[in-house]
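Structural features, examined
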Amino acid sequence: MTDVLSRNPLFEGLDPSALRDLEEAMRRKEFGAGHVLCRQGESAESLFVIVDGFARVLVDDRPVARLRRGDVVGEMSLVTGEPRSATVIAAVPTTTLELSRYGVAAVIADQPKILENLTRILSDRLAATTARVADTRARGEAVALVVTEEAAPALPDVIAATEAAGPRPVAILDVRESLDALETLDDLLARNGTVLVVASPGTQAVEEAADRVVTLDAPPEDVAWVGRHLSRTKLGLALGAGGAKGYAHVGALRVLEDAGYTVDYVAGSSIGAMVGAWLALGRDSHEIEATMREAFTADTIDEIFKLSLTGGSTGLEAMTSLLRETTDDKTFDDLLIPFTAMTVDLNAQAPSPVTEGPLWEALLAATALAGMFPPQEQAGKRLVDGLALVPVPTDAVAEAGADVTVAVNIISRQTLDAWPGEVPAAEPTRGPRSRMLDTLLEVMDVAQLDSSERHAARADVPITPRFGPGSWRDFHLADLFFEAGRQAAEEQLPALQALAKPTKEVTHGRS
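The model shown is predicted, which means the values in this text are computed figures rather than measured ones. (Residues numbered from 1 in each chain as written. Predicted model: local features only at pLDDT ≥ 70, side-chain atom pairs only at ≥ 80, totals over all residues. Heavy atoms only, no water.)

**Thoughts on the overall build of the protein**
What the protein contains, in helices and strands, is 20 helices and 20 strands. Scored against the burial criterion, the 511 residues of the protein give a buried share of 51%. In the protein, of all internal contacts separated by at least 6 residues, the share reaching a separation of at least 24 is 78%. (Helix = DSSP H or I, 4+ residues; strand = E, 2+ residues; numbered from the N terminus. Buried < 20%, exposed > 50% of the residue type's maximum accessible area, 1.4 Å probe, protein only. Contact = heavy atoms within 4.5 Å.)

**Concerning a negative patch on the surface**
Side chains of D15, D21, E24 and D110 sit close together on the surface and give a patch of like negative charge. Judged by relative accessible area, D15 falls into the partly exposed class, the value being 45%. (Patch = residues over 30% accessible without salt bridge, like charges linked within 9 Å, V, L, I, M, F, W, Y side chains within 5 Å. Areas by Shrake-Rupley, 256 points an atom, 1.4 Å probe, with all protein chains shown as cover. Salt bridge = Lys/Arg side-chain N within 4 Å of Asp/Glu carboxyl O. Lys, Arg positive; Asp, Glu negative; His and termini not counted. Charge placed at Lys NZ, Arg CZ, Asp CG, Glu CD.)

**Let's talk about the environment of E141**
With respect to the helices, strands and loops of the structure, E141 is situated in strand β9 (residues 141–147). With a relative accessible area of 13%, E141 lands in the buried category. If near-sequence neighbours (up to four positions away) are discounted, E141 is found in contact with L189, G193, T194, V195, D211, R212 and R232. Of the polar contacts made by the side chain of E141, one reaches the side chain of R232; its length is 2.9 Å. (Polar contact = N/O pair within 3.5 Å; in protein donor to acceptor, adjacent residues only side chain to side chain.)

**A word on the pairing of strand β5 (residues 62–67)**
Note that strand β4 (residues 55–59) and β5 share five bridges and pair antiparallel. Note on β5: the bridge partner recorded for V57 is A65. With antiparallel pairing between neighbouring strands as the criterion, β4 and β5 make up a hairpin whose turn holds two residues, including D60 at a positive phi of roughly 55°. (Pairing = 2+ DSSP bridges.)

**Considerations on the nonpolar core**
Ranked by internal contacts, the top residues of the largest apolar core, which has 76 residues, are L237, V266, M292, F296, F339 and L496. Dropping the residues within four chain positions of it, F339 is found in contact with V266, A267, G268, A273, G276, A277, A280, F332, V354, T355, L359 and L363. Core analysis: the next-biggest nonpolar cluster, separate from the first, contains 23 residues, L14, L19, L97 and I114 among them. (Core = buried A, V, L, I, M, F, W, Y, C linked by side-chain atoms within 4.5 Å.)

**Some points on the sheet that holds strand β10 (residues 170–174)**
Ordered in space as β10-β11-β9-β12, the four strands form an open sheet in which the pairing is parallel. The open sheet has two edge strands with one neighbour each: β10 and β12 (212–216). Direction aside, neighbouring strands of the sheet carry axes that sit 25° apart on average. Judged from the five bridges that link them, β10 and strand β11 (residues 194–199) form a sheet pairing that is parallel. Of the residues in β11, the one forming a bridge with I172 is L196. Lying on the sheet, helix α10 (residues 223–230) is in contact with β9, β11 and β12; it crosses β12 at an angle near 165°. (Axes fitted to C-alpha atoms, helices over the stretch in contact; angles between N-to-C directions.)

**A closer look at the packing of aromatic side chains**
For the structure on display, the rule yields six aromatic pairs. Where F296 meets F475, the ring centres are 4.5 Å apart and the plane angle is 25°; that geometry is what we call stacked. With a gap of 179 residues between them, F296 in the loop between α13 (285–295) and α14 (298–304) and F475 in the loop between β20 (461–463) and α20 (478–497) connect regions that are remote in the sequence. As far as the burial class goes, F296 and F475 line up, both buried. The interplanar angle of 65° and the centroid separation of 5.8 Å between the aromatic rings of W419 and F481 together place this pair among those described as edge-to-face. Here the residue W419 occupies a position in the loop between β19 (404–408) and α18 (435–447), and F481 occupies one in helix α20, the gap between them amounting to 62 residues. In terms of burial, W419 and F481 fall into one category: buried. Taken together, the ring pairs connect W419, F467 and F481 into an aromatic cluster. A cation sits over an aromatic face here: R68 above F54, 5.2 Å from the ring centre. (Phe/Tyr/Trp six-rings, centres within 6.5 Å; stacked < 30°, edge-to-face > 60°. Lys NZ or Arg CZ within 6 Å of the ring centre and 35° of its normal.)

**Section: the packing of helix α11 (residues 247–259) against α20**
Running from N to C, α11 and α20 cross one another at 40°; their axes reach a closest spacing of 6 Å. As judged from the angle between their axes, α11 and α20 are oblique. You can see that α11 and α20 cross each other, and the crossing is right-handed. Between α11, through Y247, A248, V250, G251, A252, R254, V255, L256 and A259, and α20, the contact on the second element is made entirely by A478, F481, F482, G485, R486, A489, E490, L493 and L496. (Parallel < 35°, antiparallel > 145°, perpendicular 65-115°, else oblique. Left-handed = near helix turned anticlockwise from the far one by under 90°.)

**Some words on the sheet that holds strand β1 (residues 27–31)**
Reading across the sheet, the four strands line up as β1-β8-β3-β6 and stay open at both edges, with antiparallel pairing between neighbours. At either end of the open sheet lies a strand with only one pairing partner, and these are β1 and β6 (72–73). Of the pairings in the sheet, the one linking strand β3 (residues 46–52) to strand β8 (residues 94–100) comprises six bridges and is antiparallel in character. For S46, the partnering residue across the bridge sits in β8 and is S100.

**Structural notes on the pattern of salt bridges**
Between side chains of opposite charge, a pair can form when the charged atoms approach closely. Applying the stated criterion to the full structure yields 25 salt bridges. Residue R56 is joined to E208 by a salt bridge in which the shortest nitrogen-to-oxygen separation is 3.7 Å. Placement of R56 in strand β4 and of E208 in helix α9 (residues 204–209) is noted, with a sequence separation of 152 residues between them. R56 gets classed as partly exposed once you look at its relative accessible area, which sits at 28%.

**A short note on the packing of α11 against α13**
Running from N to C, α11 and α13 cross one another at 165°; their axes reach a closest spacing of 9 Å. As far as their axial angle goes, α13 and α11 are roughly antiparallel. Crossing hand, α11 versus α13: left-handed. Residue-level inspection shows Y247, V250, L253, R254 and E257 of α11 in contact with α13, the latter providing S285, H286, I288, E289, M292 and R293. The residue makeup of the contact of α11 with α13, split by class, is five nonpolar, two polar and four charged. (Nonpolar A, V, L, I, M, F, W, Y, C, P; charged D, E, K, R; others polar.)

From the geometry alone we can't say anything about function, so treat these as descriptive.
Here it is, written out as structure tokens:
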């Protein structure tokens, strides 16, 4: 049993002799499936170390966690003197080692290292949820893969796709013939990132033992997606606001495509919403680049930014026409990838993600920048550009279902004094410019520096291009913005590869 005790951080650093003494001080106790180890609100009289089996943790009758071999139950209540904070129930027949309150005091007196470990554990728990998430990922995840007879022929392909998508090892535990193999689950979780527990429908014990359950009731149409789902590597891409600098989004997307990554979810603010919508329609980076270059001609830009006597743009009609044409009047129902257009509702003074209706209407709201276009009235809301509150909608792709998030922030302090190489050509735009409008939008960009960086930092892989001199409306700098996005994404590619592997074949040679 000493190997079980040594797995828990509470007993870290104890030598084998101390672990044997600890084991001798503990009492073996068995719990049947459904039996309670401890109950929320009761006083703490002992702690338990799980030796075999596993238990569910419930707070106010809601499941919040699972405990497996080597985990300790109830140590905090013994130290703080507070009532139990949760109910712990054996999900399957479970063997534990129990140590009484007095035994805990005696062991701590004999082994001060345990108190030191306990202090560190408590500090880590208070520090952040992220520490607990990292610990969970380190141990691995048990996924019950319930396979029907109809889906069984596809199982080898599904397993191969799962192994191909995850950067950590994948183990297969097939219990369709016998549940005895479940006894090895904890050992497999200690060595693998994902353990697929293959079971037949109706195997309750397997579903209880797993961290999550996925049912395969027919051969999947997209086996690669299932592999990413099982290995928790579905990719979400968040594209930030920034006008003409949105060409950097295309450069970053080109890198992801060339590396073989598939985007499973996309969200965008302002220009990022436009690029995101085109991506969700099924266009690749080459097609999106062509769309942008055809849409943002000098004449079109002049028309969009045509000024009224008050200094604002009168180009709403031109912008509407551009959005309808570039989205082919499609709706969210026509998308191939789940997409969120980030806007802000002025009435509620809160973010208002748009995920339904005509795409052009959502994009018109997502690009309704203060000082240029009026708020868009939709369903009783007054929607404006997401730049105001959510310049980089990282949370939107995570909430949509992404496991690994990539954010491209194009409003940043990381700027260059000059562009590398040749000096760019003079701006070809011929229309008059409003210094007041340019200054207003420049001030808005500066005001969103902190917000952009903060929202991008929430991503697993934040990408921040470094731009030379240029502004939100310098579409003539498309090549430079594109290259900055490409270089920044290349630099962050190793970070993405550590979290998820590419799952599609790459066709090279396209220009």
